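Structure assessment
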Amino acid sequence: MIQKLQLEIPLLLPDIPNEQDGCVVRLQEDLLARRGVKRAHVKRENGVACLCLHYEPDLLSLTEVRRAAEQVGAGLTDRYRHEALPVDGMDCADCALVVEHSLGRLEGVLSARVNYAAGQVWIEYDTTLVRRKAIIQRIEHLGYRVAQDKEETWWGRNWEFVLVGLAGLFLLIGWIGETFFGLPKPVAVGFYVLAYIAAGYNVARHALPALLKLHFDTDVLMIFAAIGAAILGEWAEGAFLLFLFGLGHAGEHYAMNRARQAIRALADLAPKSARVRRGDQEMEIPVTDLHLGDIVLVRDGERIPADGRVVRGRSTVDQSPITGESLPVDKGLGDEAFAGTVNGAGSLELEVTKRAEDTTLSRVIQMVAEAQSQKSPTQRLTERFSRVFVPAGLVLASVVVVVPPLLGWTDWGDSFFRGLVLLVAASPCALVIGTPASVLAGTAQAARNGVLIKGGVHLENLGILDALAFDKTGTITRGQPEITDVIVTDDGRVTAEGLLSLAAAVESRSSHPLAQAIVRAAETRGLTIPYAGDVEAVGGRGVRSTLNGCPILIGNFSLFEGEGILVPHQLRATVESLEREGKTTMLVYGPTRDEHVRFLGVIALADTPRLTAETALRDLHTLGIRKTVMLTGDNERVAAAIAQHVGLSDYRADLLPEQKVEAIQSLTAEYGQVAMVGDGVNDAPALAQATVGIAMGGAGTDVALETADVALMADDLSKLPFAIGLGRATRKVIFQNLAIALGVILLLIGLSVTGLASLSLAVVLHEGSTLVVVANALRLLGFEGSNG
């Protein structure tokens, strides 16, 4: 399904000459590079220029569309709104389909997605065509309730068990009295009727609105079966059916709340108040009242209330709630700290850097919730199957009731009873709930371990990966290269300090790790860094700039070949010698002290592999990953040395950014399912091209959270085998649940048609299979290891 939205471009509005305007074209290209965006084109409405965006809601939510638009200079008009509504009263997976179908028919609703497992409705709508009140009224008309943000009472948590308990008591009194104590039939039927009312109330309040809209879900089928039993005079059988059905759903809700609680527990990590110093006063205020720049005081053992930068104190902080890291991390002056993490033995003072709604923890909670709205391929398949199977089951049940008696094979009572059993078989509760329950449990367990998975489709895709591609700098390596050699030409026209100072002047304008290493080295040595002119990056090759009107070029051989500048033989030999040692080299070409432009020398740097890289790659191969490839713009010799050191099966060197995208396409053609692992900044196009884009260090950078399908919150590769192992375990559980659900359905159909199953046995098998698949899904909450 493709939804269509409009994005407003405020800065360009009245003056866009045509669709070919350079700013508009760049904006379209930026948006089209994002996963889930299918088309972006300019249109005018009432003289106002807008960008019309087509996107897939199962890959991209309206909230993500808004953030993507803002990042590239556009904005989503206030006309469109995205809301997540918690809904109480959905007692089976079919209920979610009823709500989704009904909301989707409202004029102005762009997309409605309902997840029974999460108990949430995600709706995107046009406020000029439909109001929030109308959406809530439609939900309530179906017999459900939009939950309020308040503490749940004992009755609110247990009313289903109370009604089912009363139904069981009435049923037991009627059956024991009639069977053993000669209770008159009318009195026994009276107790059975009370059992019908107690157990059937919750079923009927959802079944009747669905029936009025001609939507035949599980509740409707169970009501038909219970009424049919009463028509046959099998009051005890019908009461037992409703009792078991109600008991099964109450147990199912209790089990599902365990998985939901795992996500709610994330919200409980952040303190509700903070101790803040304003002027000479210290005060306790709600975290929602914190302002950027406030100084927050955190005592030992307390949870940190806001994202901030340490301005005083030193301590160790347990970051496991956010990043999943097992060991506390030292924090001192200038270090970043995250809301929800636990301060150790020392006191800290933090300068607030993000508002409460923008903290890393808040973003993670929001994205985990949104992940439940994006349906996995298996879930979409089972829902499509259910929409066909339920009415087909009704037709088949009607045939079983009518045809055999007409042909003289059975009497009407027997065939009617077989039809009732077939109605139970046609209720695919276990089939529909098995996948979303697994996705809910899987994403919750991932979040608890510092892995953010942004949708069921990505969780499932993690489980089918055959190849992984890695960026080098900051992914396989630590991303903190250090200068090892500064070698000047032998004519004496420039010193090592002069060479480093000149290079730092240019590289000070870049955020690349290699550039930062050069600037860091110059500052450490106390060198004066002159001011360079405009800096132009030459992708994958180096940079150009000027100093006092003279050109400066810093980069690899390819940069100078492109400029038509011949590298001297002796300097080329020096570079090759350094690269054989696994070092990255940067040739420096610029003015000498007498302003003659020439090659000044070469700077060599080395970036050490991460300590966890070798172990993580070994675990990935154990999990069945067939190919691990490093993609880098660095030279062949450095790439080969690092690949061999950490155990990568292949590498591709000297790649420009666009060639990394081509490499992903090539790997996809060869292996089918490929993930790209990077920092989410310089490799965003490659991340978007891969089956799954995985970014590292999500806790420290908003870009990683936004661009990737999966974010490893810690800047650590060791969580990658966990994430892929969890994906494989989730797929295994999903297919187990499908096998259980389909197996029970086929068994019940066979038993019902042949008359070998009683109505009670059918309900036991039906409800039992639902509880089994939910319990099986909840096993994922205990997943710990990569081999899970």
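Since the structure is predicted, the reported quantities are computational estimates derived from the model, not experimental observations. (Residues numbered from 1 in each chain as written. Predicted model: local features only at pLDDT ≥ 70, side-chain atom pairs only at ≥ 80, totals over all residues. Heavy atoms only, no water.)

1. Thoughts on the overall build of the chain
Filter applied, for reference: A run of DSSP states H or I qualifies as a helix once it reaches four residues; a run of E qualifies as a strand once it reaches two. Both are numbered from the N-terminal end. Here the term buried applies to any residue with accessible area under 20% of the maximum for its type, exposed to any over 50%, and partly exposed to those in between, with areas from a 1.4 Å probe on protein chains only. Note on contacts: a residue pair qualifies if any of its non-hydrogen atoms lie within 4.5 Å across the two residues. Only the protein chains shown count as cover for residues, and the accessible areas themselves come from Shrake-Rupley with a 1.4 Å probe.
When helices and strands are tallied, the chain shows 26 helices and 30 strands. In the chain, buried positions account for 55% of the 788 residues. Relative to all contacts within the chain whose residues are 6 or more apart in sequence, the contacts with residues 24 or more apart total 67%. By element, 55% of the accessible surface of the chain is carried by carbon and sulfur atoms, the whole surface being about 33300 Å².

2. Brief notes about helix 16 (residues 496–507)
Stated formally: Each residue after the first adds 1.5 Å to the expected span of a helix.
Taking 1.5 Å of rise per residue, 12 residues should cover 16 Å, and helix 16 covers 16 Å from first to last C-alpha, within 8% of that figure. Buried residues belonging to helix 16 abut strand 20 (482–488), helix 17 (513–524), strand 22 (542–547), strand 23 (550–555), strand 24 (584–591) and strand 25 (597–606).

3. A look at the packing of helix 12 (residues 412–425) against helix 26 (residues 759–778)
Spelled out, the test is: Axis lines are fitted to C-alpha atoms, over the contacting stretch for helices. Their N-to-C directions set the angle, which ranges from 0 to 180 degrees. Relative orientations are named as follows: roughly parallel for angles under 35 degrees, roughly antiparallel for angles over 145 degrees, roughly perpendicular for angles from 65 to 115 degrees, and oblique for any other angle. For this scheme, ten residues count as nonpolar: Ala, Val, Leu, Ile, Met, Phe, Trp, Tyr, Cys and Pro. Four count as charged, namely Asp, Glu, Lys and Arg, and the remainder, Gly too, count as polar.
Put simply, helix 12 and helix 26 touch, their axes get as near as 9 Å, and they point 5 degrees apart. By the angle between their directions, the pair helix 12 and helix 26 is classed as roughly parallel. Along its contact with helix 12, which presents Phe417, Leu420, Val421 and Val424, the element helix 26 presents Leu759, Ala762, Val763 and His766. Broken down by class, the residue content of the contact of helix 12 with helix 26 amounts to seven nonpolar, one polar and no charged.

4. Re helix 4 (residues 132–141)
What counts, and what does not: Directions are taken from the helix axis to each C-beta atom, and the arc is the one they span.
Residues Ile135, Ile136 and Ile139 constitute the buried set of helix 4. Down the axis, helix 4 shows its buried residues gathered within 95 degrees of arc, on one side only. Opposite the buried face of helix 4, at more than 90 degrees from it, the exposed residues are Lys133 and His141. Just downstream of helix 4 lies Gly143, where phi reads positive at about 100 degrees.

5. Some remarks on the side chain of Glu460
Structurally, Glu460 is set in helix 14 (residues 456–462). Those residues in contact with Glu460, other than ones at most four positions away along the chain, are Ser376, Pro377, Thr378, Thr435, Arg731 and Ile734.

6. Things to note about the environment of Met283
By secondary structure assignment, the location of Met283 is in strand 10 (residues 281–286). Of the residues examined, Met283 reaches a relative accessible area of 27% and is grouped as partly exposed. Considering only alpha carbons, one finds Met283 and Val296, 13 residues apart in sequence, at a separation of 9.7 Å. When near neighbours in sequence (up to four residues on either side) are disregarded, Met283 contacts Ala274, Arg275, Val276 and Arg278.

7. Here's the deal with unusual backbone geometry
What is expected of a backbone is that most residues other than glycine have negative phi and most peptide bonds are trans. Despite not being glycine, Asn548 has its phi angle at roughly 55 degrees, a positive value. With respect to the helices and strands, Asn548 occurs in the loop between strand 22 and strand 23. Asn548 gets classed as exposed once you look at its relative accessible area, which sits at 66%.

8. Some remarks on the sheet that holds strand 14 (residues 329–331)
As a reminder, the rule being used: Between any two strands, at least two bridges found by DSSP are needed for them to pair.
Overall, antiparallel pairing links the three strands, which are arranged 14-13-16 in an open sheet. What marks the edges here is a single partner per strand, and that holds for strand 14 and strand 16 (342–343). Bridge count for strand 13 (residues 315–318) against strand 14 is three bridges, and the pairing is antiparallel. In the strand pairing of strand 14, Ser315 is matched with Lys331.

9. Brief notes about the nonpolar core
Our working rule: Residues belong to a common nonpolar core when they are buried Ala, Val, Leu, Ile, Met, Phe, Trp, Tyr or Cys residues joined through side-chain atoms within 4.5 Å.
Among the nonpolar cores identified, the biggest contains 125 residues, and Leu468, Phe470 and Leu720 are the most heavily contacted of them. Leu499, Leu502, Leu514 and Ile603 belong to the second largest nonpolar core, which has 26 residues in total.

10. Side note on the pairing of strand 22
Residues in a regular strand project their side chains so that they alternate between the two faces of the sheet. As paired strands, strand 21 (residues 536–538) and strand 22 are joined by three bridges and run antiparallel to one another. Paired with Val538 across the strands is Gly542, a residue of strand 22. Linking strand 21 back to strand 22 in an antiparallel pair, the connection comprises three residues, with Gly540 at a positive phi of about 75 degrees. The pairing of strand 22 with strand 23 spans six bridges and is classified as antiparallel. Note on strand 23: the bridge partner recorded for Gly542 is Gly555.

11. Focus: the pattern of salt bridges
Selection rule: Salt bridges are identified by distance alone: a Lys or Arg side-chain nitrogen within 4 Å of an Asp or Glu carboxyl oxygen.
Across all of its chains, the model carries 21 salt bridges by this definition. The residue Glu336 makes a salt bridge to Arg309 at a minimum N-O spacing of 3.4 Å. In this pair, Glu336 sits in strand 15 (residues 336–337) while Arg309 sits in strand 12 (residues 308–313), placing the two residues 27 residues apart along the sequence. A salt bridge links Lys660 to Asp471; its shortest N-O distance comes to 3.0 Å. Here Lys660, found in helix 22 (residues 657–671), pairs with Asp471, found in strand 19 (residues 467–471); they are 189 residues apart in sequence, far enough to count as distant. A single salt-bridge network, built from bridges that share partners, covers Arg275, Glu284 and Glu302.

12. Some thoughts on the confidence of the model for the chain
Where we set the bar: Confidence of the predictor in every single residue is expressed as pLDDT, which spans 0 to 100.
Looking at the chain, the pLDDT average stands at 82 and 87% of residues meet or exceed 70. Low confidence marks residues 1–17, where pLDDT is under 50. Its contacts with residues over four positions away, or in another chain, come to 61 contacts.

13. Some words on the pairing of strand 12
Pairing of strand 12 with strand 15 involves two bridges; the strand directions are antiparallel. Looking at strand 15, one finds that Arg309 is bridged to Glu336.

14. Section: the packing of helix 13 (residues 429–448) against helix 26
Definition in use: Note: crossing handedness is left-handed where the near helix turns anticlockwise from the far helix by less than a right angle, and right-handed where it turns clockwise.
Two elements in contact, helix 13 and helix 26, have axes whose closest approach is 8 Å; the angle formed by their N-to-C orientations is 15 degrees. On the basis of their axis angle, the class for helix 13 and helix 26 is roughly parallel. Between helix 13 and helix 26 lies a crossing of right-handed hand. Listed contacts from helix 26 to Cys429, Ala430, Ile433, Gly434, Ala437, Ser438 and Ala441 of helix 13 are His766, Ser769, Thr770, Val773, Val774, Ala777 and Leu778. Taken together, the residues that form the contact of helix 13 with helix 26 break down as nine nonpolar, five polar and no charged.

15. Quick look at the sheet that holds strand 23
Remark on secondary structure: sheet strands pair via backbone hydrogen bonds, oriented parallel or antiparallel. Within the open sheet, the six strands sit side by side as 20-25-24-23-22-21. Their pairing is antiparallel. Edge positions in the sheet fall to strand 20 and strand 21, since each of these pairs with one other strand and no more. Strand-to-strand, the axes of this sheet are offset by a mean angle of 20 degrees, without reference to chain direction. Two strands pair when backbone bridges link them, and strand 24 and strand 25 are joined in this way by eight bridges, in the antiparallel orientation. Bridged to Gly590 within strand 25 is Arg598. With respect to the sheet, helix 16 is in contact with strand 20, strand 22, strand 23, strand 24 and strand 25, its orientation differing from that of strand 25 by roughly 85 degrees.

16. Some remarks on the packing of aromatic side chains
Put simply, the test is: Stacked, tilted and edge-to-face pairs are distinguished by plane angle, under 30 degrees for stacked and over 60 for edge-to-face with tilted covering the rest, among Phe, Tyr and Trp rings (Trp via its six-membered ring) whose centres lie within 6.5 Å. Here, over-ring charges are defined by two tests on the NZ atom of lysine or the CZ atom of arginine: distance to the ring centre within 6 Å, and angle to the ring normal within 35 degrees.
A complete count under the given rule lists eight aromatic pairs for this structure. Here the aromatic residues Phe560, Tyr589 and Phe599 are joined through ring pairs into a cluster of three or more. Over the ring of Phe557 we find Arg572, and its NZ or CZ is 4.3 Å from the ring centre. Cation over ring: Lys719 sits above Phe722, and NZ or CZ is 5.5 Å from the ring centre.

17. Quick notes on the environment of Ala430
Structurally, Ala430 is set in helix 13. In sequence terms Ala430 and Leu742 are 312 residues apart; their C-alpha atoms lie 8.5 Å from each other. Not counting chain neighbours up to four residues away, the residues in contact with Ala430 comprise Ala741, Ser769, Thr770 and Val773.

18. Overview of a nonpolar patch on the surface
What counts, and what does not: Like charges within 9 Å and nonpolar side chains (Val, Leu, Ile, Met, Phe, Trp, Tyr) within 5 Å are joined into patches, using only residues over 30% in relative accessible area that form no salt bridge.
Together, Val395, Leu396, Val399, Val402, Val403, Leu406, Leu407, Trp409 and Trp412 give the surface a local cluster of nonpolar side chains, amounting to about 890 Å² of exposed area. If you tally residues by element for the nonpolar patch, the top one is helix 11 (residues 377–406), at six residues. Topologically, Trp412 is positioned in helix 12.

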